[in-house]
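Each chain, letter by letter, is given below.
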Amino acid sequence: MSDLVPADTTEDVRTRGAGVSRQVAVLPVGSFEQHGAFLPLATDTLVACAVAREIAGAYPVHLLPPVTISCSHEHAAWPGTVSISSVTLHAVVRDIADSLRRSGVEALVVVNGHGGNYVLGNVVQEASARGERMALFPAPEDWEEARERAGVVTSLLTDMHAGEIETSILLHAHPELLRPGYETSDFVADDRRHLLTLGMSGYTDSGVIGRASLGSAEKGKELLASLADSFGAYFSMLTSAAEGADGADG
C-alpha cells in the first residue's frame, strides 16, 4: 500500500518542473465506501491511484497523494462507508489547486475514481471560468475507449459498482486485497432512475451492481494503458493552451 503516497523529494519536483514549459499536477480522488464482500472499502482510491501512477509513468507530472474520503452518501446503508459533504470536497480540491499555483504548479488534473463525486465537475468548470487550468479525468469517453480496448464485456451502464472494471484493475494492481467471492457476486440493475433518492440499497442487497466474475488482471492492465494514452490529449491541452491564455491576458 506504500505506493499510494508518492516518494518524491522537493528536489525531484524542482528537477521535473525545470524540464517542462508548464507544470501539471495529478490529484487522485477516491472514496471510502462499501464494494461488496470481496473488494476493500478503499477500492475507488486504489483505482484512482493506479490510474494516476500510470499517468505519472508516461508524462512529466507532479503526482499528489490521494483524497481518500469523498461523497459516498448513496452507500450510507453499509457499515464502513464514510462521507464528507460535496461542499467540503469542493473546498479541498480548490484549496489544493490554489496551493499548487503558489508553488509554481499552474495546472491540476483531478483523477476521479468515484462516480458519486458529481461536484468535481463543478469544481473544474468554475476554475476554468476563472481562467485557471484544471481538468477532470477520465471522461466517460475515455472509460469507453478503455473498456473496448481491454475487452471488457459489460457496458458502462451495467458496470456500475464493484463490477468488471474495478475488479480487473484491482486484480492487476492489488490482487492481494481481493477477498473470495467476486466470481459469484454478479448482479445487474440497469434501471436506477431513483438512485439519488433511494441510494444503492434501493437497488442491491449485496452492494454490487455489475459482473465482477468477468474481471481479469489482463483487462486491468489494458484499461490502465488505454487511460494513460487518453491522458495525452489532456496534457497537451493544459500545457499548450496555457501559452495562448497568457498571450490573451497581455
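Please read all numbers here as calculations on a predicted model, not as lab measurements.

The rules behind the values
- Residues numbered from 1 in each chain as written.
- Predicted model: local features only at pLDDT ≥ 70, side-chain atom pairs only at ≥ 80, totals over all residues.
- Heavy atoms only, no water.
- pLDDT = per-residue confidence, 0-100.
- Contact = heavy atoms within 4.5 Å.
- Buried < 20%, exposed > 50% of the residue type's maximum accessible area, 1.4 Å probe, protein only.
- Helix = DSSP H or I, 4+ residues; strand = E, 2+ residues; numbered from the N terminus.
- Arc of directions from axis to C-beta.
- Phe/Tyr/Trp six-rings, centres within 6.5 Å; stacked < 30°, edge-to-face > 60°.
- Pairing = 2+ DSSP bridges.
- Axes fitted to C-alpha atoms, helices over the stretch in contact; angles between N-to-C directions.
- Salt bridge = Lys/Arg side-chain N within 4 Å of Asp/Glu carboxyl O.
- Left-handed = near helix turned anticlockwise from the far one by under 90°.
- Nonpolar A, V, L, I, M, F, W, Y, C, P; charged D, E, K, R; others polar.
- Core = buried A, V, L, I, M, F, W, Y, C linked by side-chain atoms within 4.5 Å.

## Considerations on the confidence of the model for the chain
Here comes step 1: Averaged over all residues, the pLDDT of the chain is 94; the fraction at 70 or higher stands at 95%.
Here comes step 2: Predicted confidence for residues 242-250 stays below pLDDT 50, and this span has eight contacts to residues more than four positions away or in other chains.

## Quick look at helix H4 (residues 119-129)
Here comes step 1: Taken together, the buried positions of H4 are Val119, Leu120, Val123, Val124 and Ala127. Seen along its axis, H4 keeps its buried residues to an arc of 145 degrees; they face one direction. Turned more than 90 degrees away from the buried face of H4 sit Gln125 and Ala129, all of them exposed.
Here comes step 2: Considering only its buried residues, H4 is in contact with strand S1 (24-29), helix H3 (86-102), strand S3 (107-112) and strand S4 (133-137).
Here comes step 3: With its phi angle positive at about 90 degrees, glycine 131 sits one or two positions after the end of H4.

## A short note on the packing of aromatic side chains
Here comes step 1: Within this structure, the stated rule accounts for six aromatic pairs.
Here comes step 2: A ring pair is formed by tyrosine 59 and phenylalanine 231, whose centres lie 5.2 Å apart and whose planes are at 65 degrees; its orientation type is edge-to-face. Of this pair, tyrosine 59 sits in the loop between helix H2 (43-58) and strand S2 (62-63) while phenylalanine 231 sits in helix H8 (residues 217-249), placing them 172 residues apart in sequence.
Here comes step 3: Taking relative accessible area as the criterion, phenylalanine 231 reaches 0% and is therefore assigned buried.
Here comes step 4: Residue classification places tyrosine 59 among the buried positions, given a relative accessible area of 17%.
Here comes step 5: An aromatic cluster of at least three residues, connected via ring pairs, comprises Tyr59, Phe137, Phe231, Tyr234 and Phe235.

## Here we look at the sheet that holds S1
Here comes step 1: Reading across from one edge, S2-S1-S3-S4 is the order of the four strands in this open sheet, with parallel pairing throughout. Strands with a single pairing partner mark the edges of an open sheet, and in this sheet they are S2 and S4.
Here comes step 2: The sheet contact formed by S3 and S4 spans five bridges and is parallel. Across the sheet, valine 110 pairs through a bridge with leucine 136, a residue of S4.
Here comes step 3: Against the sheet, H2 engages S1, S2, S3 and S4, with an angle of about 160 degrees to S1.

## Concerning the pattern of salt bridges
Here comes step 1: Evaluated as defined, the whole model comprises twelve salt bridges.
Here comes step 2: Aspartate 98 is the salt-bridge partner of arginine 101, the closest N and O atoms lying 2.2 Å from each other. Linking arginine 101 with aspartate 98, this pair stays in helix H3, spanning three residues, or about one helical turn.
Here comes step 3: Across the salt bridge formed by glutamate 132 and arginine 101, the nearest N and O atoms sit 3.5 Å from each other. One end of the pair, glutamate 132, is in the loop between H4 and S4; the other, arginine 101, is in helix H3, and 31 residues separate them in sequence.

## Re the environment of alanine 25
Here comes step 1: Considering the arrangement of structural elements, one finds alanine 25 in strand S1.
Here comes step 2: On the accessibility criterion, alanine 25 (0% relative accessible area) is buried.
Here comes step 3: Distance from alanine 25 to leucine 108, taken between C-alpha atoms, is 4.8 Å for residues 83 residues apart in sequence.
Here comes step 4: Apart from the residues lying within four places of it in its own chain, the contact partners of alanine 25 are His62, Leu64, Leu100, Val105, Ala107, Leu108 and Val109.

## What to know about the environment of glycine 199
Here comes step 1: Topologically, glycine 199 is positioned in the loop between helix H7 (195-198) and H8.
Here comes step 2: Owing to a relative accessible area of 10%, glycine 199 belongs among the buried residues under this scheme.
Here comes step 3: Sequence separation between glycine 199 and glutamate 74 is 125 residues; the distance between their C-alpha atoms is 4.2 Å.
Here comes step 4: Aside from chain neighbours lying at most four places away, what touches glycine 199 is Glu74 and His194.

## Brief notes about the packing of H2 against helix H6 (residues 164-173)
Here comes step 1: Interhelical geometry of H2 versus H6 gives an angle of 65 degrees and a closest axis separation of 10 Å. Crossing handedness for the pair H2 and H6: left-handed. Here Thr43, Asp44, Leu46, Val47, Ala50 and Arg53 of H2 come into contact with H6, specifically with Glu166, Ile169, Leu170 and Ala173.
Here comes step 2: Across the contact of H2 with H6, the residue classes break down as six nonpolar, one polar and three charged.

## Some words on the nonpolar core
Nonpolar side chains tend toward joint burial in soluble globular proteins.
Here comes step 1: Counting residues in hydrophobic clusters, the biggest one holds 43 residues, and the most contacted among them are Val26, Ile55, Val109, Phe137 and Phe231.
Here comes step 2: Contributions of two or more residues to this core are made by S1, H2, S3, S4, helix H5 (140-150), H6 and H8.
Here comes step 3: Ranked by the residues each element gives to this core, the list is headed by H2, at eight residues.
Here comes step 4: Beyond its immediate chain neighbours, meaning those up to four positions away, phenylalanine 231 contacts Val26, Ile55, Tyr59, Val61, Val109 and Phe137.
Here comes step 5: One finds Ala25, Leu100, Val124 and Ala127 within the second-largest nonpolar core, a separate group that totals 19 residues.

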